[in-house]
Protein chains: 2
Amino acid sequence: MTDIAMTIPDLHAAYARGVSPEQIIAQVYTRLREVDDPCIFLSMASEADAQAAAAALGPYDPAKPLWGVPFAVKDNIDVAGYETTAACPAYAYTPTQDAFVVAKLREAGAIFIGKTNLDQFATGLVGVRTPYGAPRNSIDPEIVPGGSSGGSGVAVGHGIVAFSLGTDTAGSGRVPAALNNIVGLKPTLGALSATGVVPACRSVETVSIFALTVADAYTAFTVACAYDAADAYARHISAPPLSTPKSAPVIGIPSRDSIRFSGDAVQEASFNAAVDLLRGQGAEIREIDFTPLYDVADMLYEGAWVAERYTVIEDLLHKDPEAILPVTRQVICKAEALSAADAFRGMYRLKELSRIAETALEGLDMLCVPTIPTFHTVAELEADPIGPNSNFGTYTNFVNLLDMCGIAVPVPARSDGRPGSVTLLAAAGKDADIAASGLALEAAGKRNLGATGWPFNGTPTLEAAATDGLILAVCG
Amino acid sequence: MTDIAMTIPDLHAAYARGVSPEQIIAQVYTRLREVDDPCIFLSMASEADAQAAAAALGPYDPAKPLWGVPFAVKDNIDVAGYETTAACPAYAYTPTQDAFVVAKLREAGAIFIGKTNLDQFATGLVGVRTPYGAPRNSIDPEIVPGGSSGGSGVAVGHGIVAFSLGTDTAGSGRVPAALNNIVGLKPTLGALSATGVVPACRSVETVSIFALTVADAYTAFTVACAYDAADAYARHISAPPLSTPKSAPVIGIPSRDSIRFSGDAVQEASFNAAVDLLRGQGAEIREIDFTPLYDVADMLYEGAWVAERYTVIEDLLHKDPEAILPVTRQVICKAEALSAADAFRGMYRLKELSRIAETALEGLDMLCVPTIPTFHTVAELEADPIGPNSNFGTYTNFVNLLDMCGIAVPVPARSDGRPGSVTLLAAAGKDADIAASGLALEAAGKRNLGATGWPFNGTPTLEAAATDGLILAVCG
């Protein structure tokens, strides 16, 4: 493979030595043809348009953190002039303006490549709930691509683009990361603007970022993270340069009695090995009972929040129910049985569970969980479209309901070759803390980037990242 | 009138010079007989029981901020051994434990006198929606007592007790204050525990405090304000000693175009005079457009929140609908038409309105509003049980939805002799700031305490309050 690795430092090093963005764009489209999966993108910039955007950047400007960096956008996020479908043709519209976050990324020099496939209305964790045909998992076509941000995960997994935008309510910005050996950064709620994003579950969702490395995901996050007064759910969240992580963080993991792997001993071994890496880096590991977190997780689809999804599809459902996939209808239409009183009862229950969870998490700097308990195949999903989907949410569903931020970090491959992935989780606003810890964790052990075969070569180290302006202080 | 004025400094001065708490208890019950309104209290400590509680206090202990201070409790808040009815006999139960806040007050030496009448299920701002017969307004029996904490407002207005507990969602802790010439302190949501309180609108309500003076209300608040881990809605809110208010606060008032007095020119003149008092104390007054705040106010009964009230009565409603007052049913049962999707749509709308309101309030230290736009009579309420009730909420309904704290402060009587009252409002957590400003405001001009005829004699001044431990620093 002679391609330039699709990471920001590699791209910027190439640009610095004279490679043109046109060459990189050519690589993107060549790679896309090589991958030959027509279901990753639902619409695309033509190669000529992308080349024009590259040419419009002018001379290489290292001050622009995403100069010449190709990226993809989940097709529930607006890009001016491209259809937004939310994977539902009957819902489609063509926006005239970029979503707030897309505009920020482009201002910083990123080059838009295409809109990616997703579980319809971002409802699902599998990536196969789409009328456009499911993208293939980038590593193993037998396993699902993950969802709902499936196309975005696969596009990065193949190294077609350097990063992509997803969205995340239940785990849509993390599960595809685990399944495609990449990083999934799920910011604190309100950090990234929702202006120009088709809502799924508006009160508990966020735009998310996939990349091949933690540093790249965090770089895109720092660019996208800006307070948007037009988004009623926006919050003032800071995205400071990463600092050296706390030397001996206290990290909670699910206790032996409460951890769940669906019988997958290989996944269990992989998680234990990742925890050993954290321990080796000085972390104090504490086992905690995860029951209250699972209880919260159950509320996302069993509780009132499914009614948020209903508000999005209600009109279409009445006009043209067949326009919505049966499985999506089945999941979302549960809301029809729920009253406003039920919604408030759900919120009371969440408040009570949150208080219990808060107590369980006291004294911890962060949590480390398996991103997914096990893998599920396309065949399994065909046999049961609901069960495996729910199972994927074991360690993800509770996160937004509890107002936590998270980052799914690749760890060394499992003994059977499947990707290893753990997720670091912390309280709202601690995005930089978990990213810094993720940076250290991804550098431990040996792995490749996504499905590309490009080795993770340990850069950026903290020092290298510091020269790139990403790191605030190196004192360890 | 030879009674000892029912304020904490007067009581404590009396105790210090050898008056016994038994003498004060005797005064309470004598006064109660003089007032001769059987509808203020729904249940009471017998005089003998109150005497026993007084005797159990032992020798006068000035370290206990509420030593020997008689108080009343709205009958939706538990006092061990006394029925909690929420003004609905079919709902009644007898708790074995004090509500968290009641326990705190008793630990500080307060003496429980009785449970007060209220608008059923704390739904109303008038005080006449009760099957037990409405208490008479303490000042003028033609006007309503105010609600929902009507009995609590009247008991303090008459000087039967020194302070009382109410609850406040729409304005139940402020409207009775305006109607009975007393102080109504509505804390930041989550400052006072809801453990042992019958919920009305759980996500946007709080226990509140009535007293004859700002200092007394704030003293009771400092005692009651403690984080209760058992209350899922509890927050860590501080109740520091009052400090001298900011010398030139910026205070927002409704603009000429948006202010509402229902044509009551006397109320308008009274409000303008109060604003002049603030101006005279150095405040910078800014007129702001109140439209976004009225829009928020409308959501409380028109929007989804009425479904919170429905969760409280749902079981009873199915079992025995006649047990609930027709007007209460009429208000609350609107929730039956609301879906969970409607509830979330309501929350989205509130978020959007909150963002607009936030912008409108930028740069202000606090708001000053008329507590009520005008007065309504018992006869008016008999003719129309809904309209005047809604009108009372003009300046109160938006406060909890916007997570603000407030204090209704008596100002000099109107030209027609009816009580003057304004409410100071500020962002969550600023309880001490508005109380300090309220302390200064109530000392400006001349007035009596409640309906008692006791003059407000300007004490406690900041200096006097400082010796009482209430004031942190006097530097102006």
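Please read these numbers as outputs of a predicted model, since none were measured by experiment.

Rules used throughout
Residues numbered from 1 in each chain as written. Chains lettered and ligands numbered in written order. Predicted model: local features only at pLDDT ≥ 70, side-chain atom pairs only at ≥ 80, totals over all residues. Heavy atoms only, no water. Helix = DSSP H or I, 4+ residues; strand = E, 2+ residues; numbered from the N terminus. Rg over C-alpha atoms; globule rule 2.2 N^0.38 Å. Buried < 20%, exposed > 50% of the residue type's maximum accessible area, 1.4 Å probe, protein only. Areas by Shrake-Rupley, 256 points an atom, 1.4 Å probe, with all protein chains shown as cover. Pairing = 2+ DSSP bridges. Axes fitted to C-alpha atoms, helices over the stretch in contact; angles between N-to-C directions. Contact = heavy atoms within 4.5 Å. Core = buried A, V, L, I, M, F, W, Y, C linked by side-chain atoms within 4.5 Å. Parallel < 35°, antiparallel > 145°, perpendicular 65-115°, else oblique. Left-handed = near helix turned anticlockwise from the far one by under 90°. Nonpolar A, V, L, I, M, F, W, Y, C, P; charged D, E, K, R; others polar. Right-handed = clockwise from strand over helix to strand, strands pointing away. Arc of directions from axis to C-beta. Buried area = accessible area lost by both parts, 1.4 Å probe. Salt bridge = Lys/Arg side-chain N within 4 Å of Asp/Glu carboxyl O. Polar contact = N/O pair within 3.5 Å; in protein donor to acceptor, adjacent residues only side chain to side chain. Least-squares fit on C-alpha atoms with pLDDT ≥ 70 in both. Phe/Tyr/Trp six-rings, centres within 6.5 Å; stacked < 30°, edge-to-face > 60°. Lys NZ or Arg CZ within 6 Å of the ring centre and 35° of its normal. pLDDT = per-residue confidence, 0-100. Expected span 1.5 Å × (residues − 1).

K.L.:
Describe the overall build of chain A, and please don't skip the residues or the numbers.
P.N.:
Looking only at helices and strands, one finds 17 helices and 13 strands in chain A. Relative to its length of 476 residues, chain A is compact, with a C-alpha radius of gyration of 20 Å against a globular reference of 23 Å. Considered along the principal axes of its C-alpha atoms, chain A spans approximately 60 × 55 × 45 Å. Expressed as a percentage of its 476 residues, the buried residues of chain A come to 62%. A total accessible area of about 16000 Å² is found for chain A, and carbon and sulfur atoms account for 52% of it.

K.L.:
For the sheet that holds strand β4 (residues 163-168) of chain A, give the residues involved together with the corresponding values.
P.N.:
Residues and elements named next belong to chain A. As summarised here, the arrangement of the 11 strands in space is β1-β3-β2-β4-β6-β5-β11-β12-β10-β8-β9, forming an open sheet in which the pairing is mixed. Taken across any chain shown, the strands that pair with only one partner, and hence form the sheet edges, are β1 (41-44) and β9 (284-288). Across the sheet, the axes of successive neighbouring strands diverge by a mean angle of 25°, strand direction being ignored. Both strand β10 (residues 366-370) and strand β12 (residues 420-427) contribute to a ladder of four bridges, which runs antiparallel. Bridge pairing in β12 places V369 opposite T423. Of the strands in this sheet, β1, β2 (70-74), β3 (111-116), β4 and β6 (206-211) touch helix α5 (residues 150-157), which is tilted by about 155° from β4.

K.L.:
Give me the lowdown on the nonpolar core, citing residues and values where you can.
P.N.:
W305 of chain A together with W305 of chain B are the most contacted members of the largest nonpolar core, which has 333 residues in total. Discounting residues that sit within four places of it in the chain, W305 of chain A has contacts with C201, S203, V204, M299, L300, G346, M347, L350 and L401 of chain A together with F344 of chain B.

K.L.:
I'd love a proper account of the packing of helix α4 (residues 100-107) of chain B against helix α7 (residues 214-224) of chain B, names of residues and values included.
P.N.:
Axes are the key here: two packed helices are described by the angle between their axes and the distance separating the axes. Residues and elements named next belong to chain B. Where α4 meets α7, the closest approach of the two axes is 8 Å, and the angle between their N-to-C directions is 110°. Taken together, α4 and α7 sit at an angle that is classed as roughly perpendicular. Judged by the sense of rotation from one axis to the other, the crossing of α4 with α7 is right-handed. Packed against α4, whose contacting residues are V101, K104 and L105, the element α7 presents A220, V223 and A224 at the interface. Here the residues of the contact of α4 with α7 sort into five nonpolar, no polar and one charged.

K.L.:
So what about the environment of K430 of chain A? Which residues, and what values?
P.N.:
Residues and elements named next belong to chain A. If you trace the backbone, K430 turns up in the loop between β12 and α16 (431-442). Its relative accessible area of 36% is what places K430 among the partly exposed residues. Spatially, the C-alpha atoms of K430 and T188 are 7.8 Å apart, while their sequence positions differ by 242 residues. Not counting residues up to four positions away in its chain, the partners in contact with K430 are T188 and C405.

K.L.:
With reference to specific residues and values, describe the pairing of strand β3 (residues 111-116) of chain B.
P.N.:
Of all six residues in β3 of chain B, six are buried; the element is thus mostly enclosed. With α4 of chain B bridging strand β2 (residues 70-74) of chain B and the parallel β3 of chain B, this β-α-β connection has right-handed handedness.

K.L.:
Hey, could you go over helix α3 (residues 47-55) of chain B for me, with residue numbers and the actual values?
P.N.:
All names here are of chain B. The set of residues buried in α3 consists of A50, Q51 and A54. Looking straight down α3, one finds that the buried residues subtend no more than 100° of arc, so they occupy a single side. Along its buried surface, α3 packs onto α2 (21-35) and β3.

K.L.:
Describe the interface of chain B and chain A, and please don't skip the residues or the numbers.
P.N.:
Counting from both sides, the interface comprises 29 residues of chain B and, opposite them, 29 residues of chain A. Considering only the side of chain B, the residues that lose the most area to chain A are F344, Y348 and R355 of chain B, jointly responsible for 28% of the buried surface there. Our count for the chain B to chain A interface comes out at four salt bridges. Across the pair E352 of chain B and R202 of chain A runs a salt bridge whose closest N-O atoms are separated by 2.9 Å. Scanning the region where chain B abuts chain A turns up 18 residue pairs in polar contact (both at pLDDT 80 or more). When residues of the side of chain B that touches chain A are traced back to their parent elements, those giving at least two are α10 (306-319) and α12 (340-361) of chain B.

K.L.:
Which residues make up the pattern of salt bridges, and what values go with them?
P.N.:
The final tally for this structure, using the stated rule, is 38 salt bridges over all chains. A salt bridge links D98 of chain B to R106 of chain B, with the shortest nitrogen-to-oxygen separation between them at 2.8 Å. We classify D98 of chain B as partly exposed; its relative accessible area is 22%. Put simply, D140 of chain B and R418 of chain B hold a salt bridge, and the shortest N to O gap is 3.8 Å. With a gap of 278 residues between them, D140 of chain B in the loop between β3 and α5 (150-157) and R418 of chain B in the loop between β11 (404-411) and β12 (420-427) connect regions that are remote in the sequence. Salt bridges here are not isolated pairs; linked through shared partners, they connect D264, R414 and D416 of chain A.

K.L.:
I'd love a proper account of the relation of the copies chain B and chain A, names of residues and values included.
P.N.:
When chain B is fitted onto chain A, the two copies agree to an RMSD of 0.0 Å after a turn of 180° and an axial shift of 0.0 Å. Expressed as a symmetry operation, the mapping of one chain copy onto the other fits a two-fold axis.

K.L.:
With reference to specific residues and values, describe the packing of aromatic side chains.
P.N.:
All told, the structure shown has 32 aromatic pairs over all chains when counted by the stated rule. An angle of 75° between the planes, with centres 6.3 Å apart, marks the rings of Y348 of chain A and Y233 of chain B as edge-to-face. Of this pair, Y348 of chain A sits in helix α12 (residues 340-361) while Y233 of chain B sits in the loop between α7 and β7 (242-243), which puts the two residues in different chains. On the basis of relative accessible area, Y233 of chain B is assigned to the buried category, the value being 15%. If you follow R447 of chain A out to its NZ or CZ, it ends over the ring of F456 of chain A, 4.7 Å from the centre. The ring of Y294 of chain B has R260 of chain B lying over it, and the distance from NZ or CZ to the ring centre is 3.7 Å.

K.L.:
I'd like to hear about the sheet that holds strand β6 (residues 206-211) of chain B, residue by residue, with values.
P.N.:
All names here are of chain B. Spatially, the 11 strands line up as an open sheet ordered β1-β3-β2-β4-β6-β5-β11-β12-β10-β8-β9, and their pairing is mixed. Of all strands in the sheet, those bounded by a partner on one side alone are β1 (41-44) and β9 (284-288). Taking each pair of neighbouring strands and ignoring which way they run, the sheet shows an average axis angle of 25°.

K.L.:
So what's going on with the confidence of the model for chain A? Residues and values would help.
P.N.:
Residues and elements named next belong to chain A. Across chain A, the average pLDDT comes to 94, with 96% of residues at 70 or higher. Between residues 459-467, whose pLDDT stays under 50, and residues either more than four places distant or in other chains, the model counts 11 contacts. Scored below 50 in pLDDT, residues 471-476 makes 18 contacts in the model with residues more than four places away or belonging to other chains. Here the prediction assigns the complex a pTM of 0.94, and the interface score ipTM is 0.93.

K.L.:
Report on the side chain of S193 of chain A, specifying residues and quantitative values.
P.N.:
Residues and elements named next belong to chain A. Here S193 is to be found in the loop between β5 (183-186) and β6. At 2.9 Å, the side chain of S193 forms a polar contact with the backbone nitrogen of T195. Residues within four places of S193 in sequence aside, it is in contact with F100, V101, V207, D228 and D231.

K.L.:
If you had to explain the environment of A426 of chain A to someone new, which residues and values would you point to?
P.N.:
Residues and elements named next belong to chain A. Tracing the backbone shows A426 in strand β12. A426 sits in the buried class, given a relative accessible area of 3%. Between the alpha carbons of A426 and I251 there is a distance of 9.7 Å; along the sequence they are 175 residues apart. Leave out the neighbours within four places in its chain, and A426 touches D365, M366, M404, C405 and I434.

K.L.:
With reference to specific residues and values, describe the pairing of β6 of chain A.
P.N.:
All names here are of chain A. The buried fraction of β6 amounts to six of the six residues, a majority that puts the element mostly inside the structure. The two faces of β6 match: T206, S208 and F210 on one face and V207, I209 and A211 on the other face are all buried. Taken together, the six bridges between β4 and β6 define a ladder with antiparallel strand orientation. Each residue of the ladder has a partner; that of G166, found in β6, is S208.

K.L.:
Residues and numbers for helix α9 (residues 291-302) of chain A, please.
P.N.:
Residue and element names in this part refer to chain A. The first and last C-alpha atoms of α9 sit 16 Å apart over 12 residues, in line with the 16 Å expected at 1.5 Å per residue. Along α9, the residues classified as buried are P292, L293, Y294, V296, A297, M299, L300 and Y301. Buried-residue contacts for α9 involve α10 (306-319), α11 (326-332), α12, β10 and α15 (397-401).

K.L.:
Lay out unusual backbone geometry with the relevant residues and their values.
P.N.:
Of note, the amide linkage connecting G147 of chain A to S148 of chain A takes the cis form, showing an omega dihedral of 0°. Tracing the chain through its elements places S148 of chain A in the loop between β3 and α5. Not every positive phi belongs to a glycine, and A86 of chain B is a case in point at roughly 55°. Structurally, A86 of chain B is set in the loop between β2 and α4. Of the residues examined, A86 of chain B reaches a relative accessible area of 0% and is grouped as buried. The phi torsion at S262 of chain B lies on the positive side, around 50°, for a residue other than glycine. When you line up the elements, S262 of chain B lands in the loop between β8 (250-254) and α8 (265-280). The class for S262 of chain B is partly exposed, based on a relative accessible area of 47%.

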